[in-house]
Amino acid sequence: MKKVVVVGLGYVGTPVACCFANAGFKVVGIDIVQSKIDMINRGESPIKGKEPGLDELLKKVHKAGKLKATDDYSECKRAYAILIMVETPVDDKNIPRYKALRSALTSVGKNLSKDTLVSIESTIAPRTTTDLVKPILEKESGLKAGEDFYLAHCPERLRAGVLLEAITNYNKIIGGINEASSKKAKELYKKIIKAKMYVTDSLTAEVTKTTENAYRDTQIAFANELAYLSEELGIDVFELRKLVNTSPSRAMHFPGSGVGGHCLPKDPWLLLHGSGKTFKPKLIPAAREINDSMPFHMIELAEEAMKESKVNPKKAKIAVMGYAFIEDSDDTRDTPAAPVIKHFMDIGSEVIVHDPYVKAVDGLEMTGDLNEALVGADCAIFVTAHSRYKSLKLKNLVQKMRNSIIIDGRDLFERKKCIKEGFVYKGIGKKH
Ligand SMILES: NC(=O)c1ccc[n+]([C@@H]2O[C@H](COP(=O)([O-])OP(=O)(O)OC[C@H]3O[C@@H](n4cnc5c(N)ncnc54)[C@H](O)[C@@H]3O)[C@@H](O)[C@H]2O)c1
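Below is a short write-up of the structure. Computed from a prediction, not measured in an experiment: that's the story for all the values here.

For Ala-316, the position within the fold is in the loop between helix H11 (283-308) and strand S9 (317-321). Ala-316 sits in the buried class, given a relative accessible area of 1%. For Ala-316 and Asp-334, which are 18 residues apart along the polypeptide, the C-alpha to C-alpha distance reads 26 Å. Among residues more than four places away in sequence, those in contact with Ala-316 are Met-306, Val-311, Ser-349, Glu-350 and Asp-378.

In structure tokens, the structure reads:
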């Protein structure tokens, strides 16, 4: 049985490992976090939140003995393929921070055998495959990329909430450093991918993936800019969006309380890394700035509403509704809730954070109980569109709260209905 090693058992690595195990490979997942290794070796997914099919698939491949997890890189020896999907963040100056990637590559390189395919699935800046990945692997292994082993960048296109669906049904970009590497990668991925595969070079693959996310981030920034304008004009940006999208070839995105996760806030910076020698990028950095401003706008709306209601924010109980960056997920990376929470904690408010999926965060008072969050609250700030919030009954809510203030970052409630029930309501992109 051919062995596939998956390095990095996170939101990408865990489902990818399960898919290859289910396709008949012997899969070994490598991670440095012991608790994740232990969970997977018990047949338990480290990813919580709504991920259709993932728990069941992991249990199945674990029971069949097709998937195991370890921290032992010697498992890379004589592997058919090694897929690397460790995190690739940027630092506070928006420069790629490849600590995890370098470390993983060094360990893989030391244990790399001839004829193995190494595929980088992590999102990386232009030229990283040839200028960083290749030299580390060659130095550590003493082998030549493209001749002794195959090397490709095959970026992952996952989305929280549909991880398995995305792996198998989304088109795949294959970016080999040479024809032989692309051919080898295509052969491997066709075992799990039902959609189309497009072969290109590694640089174009790097730029494609980061462009996809910069594109989405820019589209969201456009919607957020229109949200600010709609508030000024006293119209509803969500109605505006609906009407705009009745025009052919228009697909305005949703505005909201902020853009989070391990992709959109940093991938535009990965795309631009090393650029600007012959031009100055303007649009993409401006989009980042707009999107980063949204949690601070949520704070402004909350403070205005409290002022109108004669509530002193320093003495208020603030319920922050949602800590995951996206609905029905437990992923909290770069969550827009964080700046909101920090602000109100800094000024001395009593802050309680509700999330159905995120159980505990250091330094925060967290609960999964709606009553605990909302009873006696002065201001409920809805940051995340968890499905649970959509079915909240305004009549019940108004009775639970001490002061009835709703700040809606995700178009969860109808403004008119909220006002009718006696709420002071402010929302992103809504008339105030
Ligand atoms: N999350 C997504 O939806 C998504 C979608 C597409 C692409 N990506 C990209 O995929 C990559 C991984 O993202 P993720 O969300 O899975 O990240 P993650 O943080 O959930 O997972 C990364 C895993 O790598 C492990 N790791 C770190 N250093 C290691 C090392 N030296 N050896 C072994 N394991 C190590 C970490 O412990 C962690 O479990 C990133 O480049 C990201 O941009 C993510």
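Here we take up the environment of Gly-49. Here Gly-49 is to be found in the loop between helix H2 (34-41) and helix H3 (54-63). You can call Gly-49 partly exposed: its relative accessible area is 25%. In this structure the C-alpha to C-alpha distance between Gly-49 and Gly-176, which are 127 residues apart in sequence, comes to 34 Å. Among all residues touching Gly-49, those that are not within four sequence positions of it are Asp-328, Ser-329, Asp-330 and Tyr-357.

To continue, consider the sheet that holds strand S13 (residues 405-408). The strand order across the open sheet formed by 6 strands is S11-S10-S9-S12-S13-S14, and the pairing between neighbours is parallel. Every interior strand has two partners, whereas the edge strands, strand S11 (366-367) and strand S14 (424-427), have only one. Pairing geometry for S9 and strand S12 (residues 379-382), over 4 bridges, is parallel. Counterpart to Met-321 in the pairing with S12 is Phe-382.

What sets the pattern is the α-helix's 3.6 residues per turn: residues three or four places apart point alike. Taken together, the buried positions of helix H7 (residues 179-189) are Ser-181, Ser-182, Lys-184, Ala-185, Leu-188 and Tyr-189. Angularly, the buried residues of H7 cover 165° about the axis, an arc narrow enough to put them on a single face. With respect to the buried face of H7, the exposed residues turned more than 90 degrees away are Glu-179 and Lys-183.

So, about the packing of helix H1 (residues 13-22) against H3. With their axes 9 Å apart at the nearest point, H1 and H3 run at an angle of 50° to one another. Put simply, H1 runs oblique to H3. Note that H1 runs across H3; the crossing there is left-handed. For the pair formed by H1 and H3, the contact residues are Thr-14, Pro-15, Cys-18, Cys-19, Ala-21 and Asn-22 on the first element and Leu-54, Leu-57, Leu-58, Lys-60 and Val-61 on the second. Here the residues of the contact of H1 with H3 sort into 8 nonpolar, 2 polar and 1 charged.

Cut-offs used in this document
- Residues numbered from 1 in each chain as written.
- Predicted model: local features only at pLDDT ≥ 70, side-chain atom pairs only at ≥ 80, totals over all residues.
- Heavy atoms only, no water.
- Helix = DSSP H or I, 4+ residues; strand = E, 2+ residues; numbered from the N terminus.
- Buried < 20%, exposed > 50% of the residue type's maximum accessible area, 1.4 Å probe, protein only.
- Contact = heavy atoms within 4.5 Å.
- Pairing = 2+ DSSP bridges.
- Arc of directions from axis to C-beta.
- Axes fitted to C-alpha atoms, helices over the stretch in contact; angles between N-to-C directions.
- Parallel < 35°, antiparallel > 145°, perpendicular 65-115°, else oblique.
- Left-handed = near helix turned anticlockwise from the far one by under 90°.
- Nonpolar A, V, L, I, M, F, W, Y, C, P; charged D, E, K, R; others polar.

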